Each structure stands twice: as C-alpha cells, then as structure tokens.
Amino acid sequence: MEFQKNNIITLVIEDMGIHGEGIGKIYDTTEDAGFTFFVKDAVIGDVVEAKIMKVKKHYAYAKLIKIITPSPQRTEPKCPYYRQCGGCQIQPLAYSYQLLLKADIVKNNLMRIGGFSKELLEKVMEPMVGMEQPFYYRNKAQFPVSADKNGEPITGFYAERTHNIIPNTDCALGVAENKRVLERVLSFMKQYKIRPYIESTGTGVIRHILIRKGFATGELMVCMIINADKLPYEEKLVESLRKIDGITSVSINVNKEKTNVIMGNKCRLLWGNNTISDVIYPRTLEEIAQNHDYCHNPNKEGITFAISPLSFYQVNPIQTEKLYSLALEYAELTGMETVWDLYCGIGAISLFMAKQAKHVYGIEVVEQAITDAKENAKRNGIENATFYAGKAEEVLPRLYKQDGIVADVICVDPPRKGCDQACLETIVKMTPERVVYISCDSATLARDLKYLCGNGYELKRVRAVDLFPQTVHVECVVLMSRVEK
C-alpha cells in the first residue's frame, strides 16, 4: 500500500518515542506491518484515526484526528491547552506510566549509545524517583506578553513551534500565585494603556513577566522585562503587586534587543529586596519518605540560596532536594575527601557536599554564577568550599598541575550537550576514586559514560529522577568507581 499526504488512516499505538509522540502501525492488517507512524498526542494503547502529514521511505508523521478506543493508560489532561502549547508532551499519559516511559528512555539510551548490556543495567539501575503531586511544581515561570486581535494585552505561552501566544494565566505546572500576578499586571496595562511588545515590529513596552517563588520561604519575585529604560506608572504597578501575599521583590529588566533571548543584562529594583531566598535540606530518600513536607528536617541545617532574576536555580525544588540528596549519597563522603564539582553553577551541589567533605572545589564558566556561589557559601557559613570561574577543562588541569590539588571524588552536572571531551580526559588523568554524574540528557550521558567506562571506570549505580512531570525530560544520577589495576 502506498501512503500519501492527507490520507486518513486507523492506527494502533504500540509504543512512544523520546519526544512523547505515539508510535503506531496500521490497524487490523498484515500489509505494511513494518511501516511506522509517529502521532503527536497519541499514547501507548490508543486506537486512533489520524491524518498523514508527511511521508518518508519507511515511516510517516500523522496528526491525531480522533481517539477511537482510548488506552487504559490515558488520563484526562488537567490543562485544556496542552495540545496547542506542547510544553506538556505527555500530560494525557497516566503518571505511573510516565515514569515507566522515562526509565525506558534512559535504559535504551544507555544500551544503544553507551553500549552497556541489558544484564548490567538490570543490576545497576534503581527505581525511578517520582513526585507525590506531579503538578504545580515550577518555582519559576516566564510569560511572554503580546496583544490579541483587538489590541488588548494578553499573556500565556507560545503555541508549539510558533511565537503565537495562547492566552493562559493559570498553567498547571506553575504555582497558584502566578495567576494573581498576571491578572494584576494585565489590569495595570489596560488601565494605564501600557503597550505590549510586538515581536514583528519591535515596538511596545512589556515583553515578558518573570515570576519566581521560594518554596521553603514563600517569598515571591516579579520581574518585568521591558523594551524601554523605564516602565510608565511603575509605582502604580508596585502598589498593586504589593497586595499579593508573599511578594518581597519587584524589579525591571531592560531588553531592547530584537532577539529571542528573554532577559537583558541590566536589572533595576523597584521595591523590596534584590533577591528572594529558598532553603534545601540534605536528607536521604528514606527521610523524605517519612516526612513528605518539602524542606523539613529538624535534625539537619539547611542550605539557604539567594535567587536573583538572573540566577540559575533548579525549577522543581521538591525533586531537586531528592536529586541532590542522591548525589550526596552516591559520593559516599566520610569527611576526609577532596571533591571537585564541575559545572557547579551557583554552588548548590558543592555546598551540599561541603557539609560532609574535607574540601570542595567548584568550577563554572559563568562568572556571575561563581559570584553567587561564593555569596551562598558565605551566607551559610561554609568555609571549606572554593570556587573558580572558567572552563572546567582549563581550570581543572591547571590547578592539578600547578597546585597539586587532587580529587577523591569528582561530581559533574553539565548542560544538555554533556561534558567537554577535554574535561572527560582530565577526569581520567586525575583518577578520582568515584565520579558522580548528574545529567539532564540521557543521550549525552550515555556517550560520556561510554568514554569513562572505557578508560578505567565501571558503572555502579544509576537512578532517574523526575524533575519535569508531564514532559519527556528526565534527570539522572550515576555513580562510577575507578577500576583497580
């Protein structure tokens, strides 16, 4: 059978891909059994009617028209805009099955890209760490602002693969306070006739609204990203926002460039504090299971972080607590170890490990992040953590050769592209007893593990942590040990 664009077909969805799309075959026929269809918004177990959109030699892309027989794994999406938005690729999939899907993605990448055997992975992979409540977990949201057909200001999220805004002030992944902030900002814009930014012309004033919340403290920050040096009637906006419980910081960020980059480099405080704070407690998964309250550990002192509009800070603090606690557990620190934390950011993992290490050295290429890391260490009274600005692959070998600083444990938490090759080579040369690798992309993780395990290390423990429920993204923590020769 020859498939053509716009054909209407019936498919049974047998699997799901790495982008959350359903993978289906023609229903009730043996003909073309090897031909595969990718269908966005379909989930495993569905029988669907779909329209072919693009045909390749051995596969095709199709658009979901209707669900003929829903999958037992299908659930009612919480957000009415999930199909248009595309931010929650797997929201119609039951959460328990989301965890299975993500664990399979990690496992398959480690097998296919890393070359690790199924038998080894069954031995070293530990159960996925999910959430009790897989919604309303994001402590940060950036809402674009534009105008509707009538010229009225709107805010929400971009429709998938476009810059058309879907009006929505109540994202199911964000905190409840977002809605109250957005409604007040839109009301302010209408009352004082503040024009929204129009991307096609580069005109207008308000581009984005940034909202951040400290989950442990309840502190809220609002930062208006504007296409001007000053926001008209800004004192009136402050007056309105201050009525919202928890608001402790209102600021302006100036971005007059015609660019897709959201934030500019210059911020100006309108009211309150320059930063908000949050606290994360080092505790084991067993301790968390006994007390699900986020950031509650009466027996341990937490790490306090100051967060500015431009700071990097994990967006899911509830799962970040689990992720960092796992990394600390995998490091197996006794108080005698020298630890290197590469790609250390604002020093979050460094400060966790400093509590149980002899000394921690952090390296990060972003200078502002290193400034924040030093301030965070000072704020928490941690004196056994030293931070360096620069590329890990340059700073690490220099300090190793010049100062003879060794590494008992190296922790890496690289960006999505994974570790630089020179960084991996330096890790091998320094021969740490253990390497803890935190990854936000299991494909580049698998590539890097293949190199490390081909150069003196063996895979000991692997655990996936769901920091981004309703999406296909997944974090991993991996422990490698040096093979004695």
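The coordinates are above.
Residues numbered from 1 in each chain as written. Predicted model: local features only at pLDDT ≥ 70, side-chain atom pairs only at ≥ 80, totals over all residues. Heavy atoms only, no water.

(A) Main features of the overall build of the chain. When its secondary structure is counted, the chain shows 12 helices and 22 strands. Over its C-alpha trace the chain gives a radius of gyration of 24 Å, about what one expects of a compact globule, namely 23 Å for 485 residues. Expressed as lengths along the three principal axes of its C-alpha atoms, the size of the chain is roughly 65 × 65 × 45 Å. Expressed as a percentage of the 485 residues in the chain, the buried residues total 55%. For the chain, long-range pairs separated by at least 24 residues make up 65% of all intrachain contacts whose partners lie at least 6 apart in sequence. Side chains of the chain give 60 positive and 59 negative charges; the mean places of these two sets differ by 5 Å. (Helix = DSSP H or I, 4+ residues; strand = E, 2+ residues; numbered from the N terminus. Rg over C-alpha atoms; globule rule 2.2 N^0.38 Å. Buried < 20%, exposed > 50% of the residue type's maximum accessible area, 1.4 Å probe, protein only. Contact = heavy atoms within 4.5 Å. Lys, Arg positive; Asp, Glu negative; His and termini not counted. Charge placed at Lys NZ, Arg CZ, Asp CG, Glu CD.)

(B) Region of interest: unusual backbone geometry. With a phi close to 80°, Asn6 is a non-glycine residue in the positive phi region. Tracing the backbone through its elements, the reader meets Asn6 in the segment before strand 1 (8–16). By relative accessible area, which is 43% here, Asn6 ends up partly exposed.

(C) Structural view of the sheet that holds strand 12 (residues 247–254). The strand order 9-8-7-10-11-12-13 describes an open sheet built from 7 strands, whose pairing is mixed. One side of each edge strand has no neighbouring strand; the edge strands of this open sheet are strand 9 (165–167) and strand 13 (266–272). The sheet shows a mean angle of 35° between the axes of neighbouring strands, taken without regard to direction. In the sheet, strand 8 (residues 153–158) pairs with strand 9 via 3 bridges, with the strands oriented antiparallel. Bridge pairing in strand 9 links Phe157 to Ile166. Across the sheet, helix 4 (residues 177–191) touches strand 7 (140–147), strand 8, strand 10 (206–213), strand 11 (220–226) and strand 12, and the angle it forms with strand 10 is around 150°. Running at roughly 55° to strand 13, helix 5 (residues 234–241) makes contact with strand 11, strand 12 and strand 13 of the sheet. (Pairing = 2+ DSSP bridges. Axes fitted to C-alpha atoms, helices over the stretch in contact; angles between N-to-C directions.)

(D) Spatial organisation of the state of the cysteines. For the structure on display, the rule yields 0 disulfides. Distance from the sulfur of Cys85, which forms no disulfide, to the nearest cysteine sulfur (Cys88) is 6.5 Å. On the basis of relative accessibility, which here comes to 23%, the residue Cys85 falls in the partly exposed class. Distance from the sulfur of Cys476, which forms no disulfide, to the nearest cysteine sulfur (Cys440) is 9.8 Å. (Disulfide = S-S within 2.5 Å.)

(E) Region of the structure containing the packing of helix 2 (residues 95–112) against helix 12 (residues 442–453). At their nearest, the axes of helix 2 and helix 12 sit 8 Å apart, and the two run at 35° to each other. Crossing handedness for the pair helix 2 and helix 12: right-handed. Contacts between helix 2 and helix 12 pair Ile105, Val106, Asn109 and Leu110 from the former with Ser442, Ala443, Ala446 and Leu449 from the latter. Of the residues that constitute the contact of helix 2 with helix 12, the class distribution is 6 nonpolar, 2 polar and no charged. (Left-handed = near helix turned anticlockwise from the far one by under 90°. Nonpolar A, V, L, I, M, F, W, Y, C, P; charged D, E, K, R; others polar.)

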